Amino acid sequence: MSSFLKYYAKLSEIADFLLHNPELGYKEFKTSSKIEAEINKISPELKVEHYLNTGLKVTLTNGSQKTIGIIAEMDSLYQPNHKVADTSTGAAQACGHYTQITTALAIMNEIITNHRLEDFGANLAFIFTPSEEFVDLAWRKQQKEAGKIDYFGGKQEAIKLGIFDDIDYCVSVHAIGEDFDERTIEINCDLAGFNFEYFDFYGKASHAAFAPDAGINAQSIATLFNIALALQRQQIKDPNRIRFNPVIVGENHESINVIPDHIKMGTDLRFFDIDNAQKLMNRFKQAAEGCAAALGGSVRSERQVGYLPLISSKSMSAIVKDVFSADEKIPGLIENRGYTMAAGDIGDVSFLIPTIQIGYGGWNGTIHGDDFTLVDPEFVLAIFPEFVFNSILKISNNLDQVKTYKKTKEEYLTELEKMAK
């Protein structure tokens, strides 16, 4: 029996604990403690580096010149309707991040228990990262204004702090939110980047029946702006790789017989071409100003920097495919999707170094939905981690086949500054 199957019962306990103790980003204190306790059980001699209050990093060094980072995301999603949501915070494991943690622990256990570190052609760094989900935004904005964070994404903050300075390649994994007839993995799927823009439209309140002519309807400005964005879709370059979704945010407290004097709208913009996205964001802002002026009101806008696109390393994925071809336990492979408009801050890591994300099935329901559930624990907690172990092992011993690049932290932060303009 492999160490992965032997470790399966213990991982099931850990997975159950994490499932029933979901935490939002930058608040993963129980999760972090559980991970560190297990690392200490695997080997009390392992040095755990702490960052961002909840983040953890463990580096296993065999004297190699290069280091492969293994990512495990720690946070949960805000999904209060999930059957095992935290009733006080609304957090729920509706994205499967907790099985990224169990995958990383299973790989670490195999390396330490069976003395496998010398088999690798690279050092290994296990990086447990907080705050991938872009939620709890009001609280994070408060943290930013207080100077505690600069970015909402945990990997963004980790990069800024230098956690990735010594990493040359990165392997991540993520649940696939689809039902499959067979055990399935996915490779070669890029993710979009995104920005948020908020617009506060201001008008003038008045009695809607007695003196509508004395008012300026902020709701009408917002409606006009929504139409302007819809009409702009005709002018979009490469429209299949652009998404935006304008919505009214917050609560409307106006009386039905009062002309509304303030409406707040927001939209994301999901993209792969950063320069084109910046042009679109500026056109959105221009449209908002024009719509407000057309009806006699005003607008104030605010930009929230999101994540960069994940551009997957095709050469690393090719090595993973070779491992898949030799693996009889996993019959299903998706390799032709190309991209999805979903996003994650793993894209920020891919800006710095060659990065891949391996998807895995074993779930039922809708990802991010209230019914997302693990249905094949043996695959997700034992078979898939062994596959990832074998993939990292082969990548580490074939780095000469990997197209390599390394950008600096300063180059990365400059890119984020560009997104903010």
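Please refer to the structure higher up on the page.
Structural notes, computed from the coordinates. Given the structure is predicted, the values throughout are model-derived calculations rather than measurements. Along every chain, residues carry numbers that run from 1 in the direction the sequence is written. Reporting of local features is limited, given that this is a predicted model, to residues whose pLDDT is at least 70; pairs of side-chain atoms are given and counted only at 80 or more, and all residues count toward the totals for whole chains, interfaces and linings. To obtain the side-chain values, all non-hydrogen atoms of the structure were included, while hydrogens and water were left out.

1. Points about the overall build of the chain
Right, so step 1: Labels follow the DSSP assignment, with helices taken as runs of H or I lasting at least four residues and strands as runs of E lasting at least two, numbered in each case from the N terminus. Of the regular secondary structure elements, the chain holds twelve helices and 18 strands.
Right, so step 2: Based on C-alpha atoms, the radius of gyration is set beside the globule rule, defined as 2.2 Å times the residue count to the power 0.38. Computed over C-alpha atoms, the radius of gyration of the chain comes to 23 Å, within 12% of the 22 Å expected from 2.2 N^0.38 for 421 residues, which places it in the range of a compact globule.
Right, so step 3: Its C-alpha atoms put the chain at 80 × 45 × 45 Å along the principal axes.
Right, so step 4: A burial count over the chain gives 56% of its 421 residues as buried.
Right, so step 5: Whether two residues are in contact is decided by their heavy atoms, any of which lying within 4.5 Å being enough. Counting only contacts in the chain whose residues sit at least 6 apart along the sequence, the fraction spanning at least 24 positions is 81%.
Right, so step 6: The protein chains shown are the only cover counted for residues, whose accessible areas, like all others here, come from Shrake-Rupley with a 1.4 Å probe. Of the accessible surface of the chain, which amounts to about 18000 Å², a share of 49% is contributed by carbon and sulfur atoms.
Right, so step 7: Neither His nor the chain termini are counted; the positive set is Lys and Arg, and the negative set is Asp and Glu. One atom stands in for each charge, and that atom is NZ of Lys, CZ of Arg, CG of Asp or CD of Glu. Between the centroid of the 41 positive side chains of the chain and the centroid of its 57 negative side chains there is a distance of 4 Å. For the exposure calls, accessible area comes from a 1.4 Å probe over protein chains only, and a residue counts as buried if that area is under 20% of its type's maximum, exposed if over 50%, partly exposed in between.

2. Some points on helix α12 (residues 409–420)
Right, so step 1: Counted at 1.5 Å a residue, the expected span for α12 with its twelve residues is 16 Å, and the 17 Å between its end C-alpha atoms agrees.
Right, so step 2: All of the buried residues along α12 are Tyr412, Leu413, Glu415, Leu416 and Met419. Viewed along the axis of α12, the buried residues span an arc of 150°, placing them on a single side of the element.
Right, so step 3: On its buried face, α12 sits against α6 (154–161), β9 (189–202), β12 (262–271), α8 (274–294), β13 (298–305) and α10 (346–352). Helix span, as expected, comes to 1.5 Å for every residue beyond the first. Taken from the helix axis, the directions to the C-beta atoms give the arc we talk about.

3. Focus: the packing of aromatic side chains
Right, so step 1: Geometry of aromatic contacts follows a simple scheme: Phe, Tyr and Trp rings, the Trp one being its six-membered ring, pair when their centres are within 6.5 Å, and the pair is stacked under 30 degrees between planes, edge-to-face over 60, tilted otherwise. For the coordinates displayed, the defined rule picks out 21 aromatic pairs.
Right, so step 2: Arranged with centres 5.4 Å apart and planes meeting at 55°, the rings of Phe201 and Phe225 form a pair that is tilted. One end of the pair, Phe201, is in strand β9; the other, Phe225, is in helix α7 (residues 218–232), with 24 residues separating them in the sequence. Phe225 carries the same exposure label as Phe201, and that label is buried.
Right, so step 3: Members of the aromatic cluster, connected to one another through ring pairs, are Tyr98, Tyr360, Trp363, Phe372, Phe379, Phe384 and Phe387.
Right, so step 4: Two thresholds decide whether a charge sits over a ring: the Lys NZ or Arg CZ must be within 6 Å of the ring centre and within 35 degrees of the ring normal. A cation over an aromatic ring shows up here: Arg241 above the ring of Phe272, its NZ or CZ 4.0 Å from the ring centre.
Right, so step 5: Across the ring face of Phe194, the terminal group of Arg270 is positioned such that the distance to the ring centre comes to 5.4 Å.

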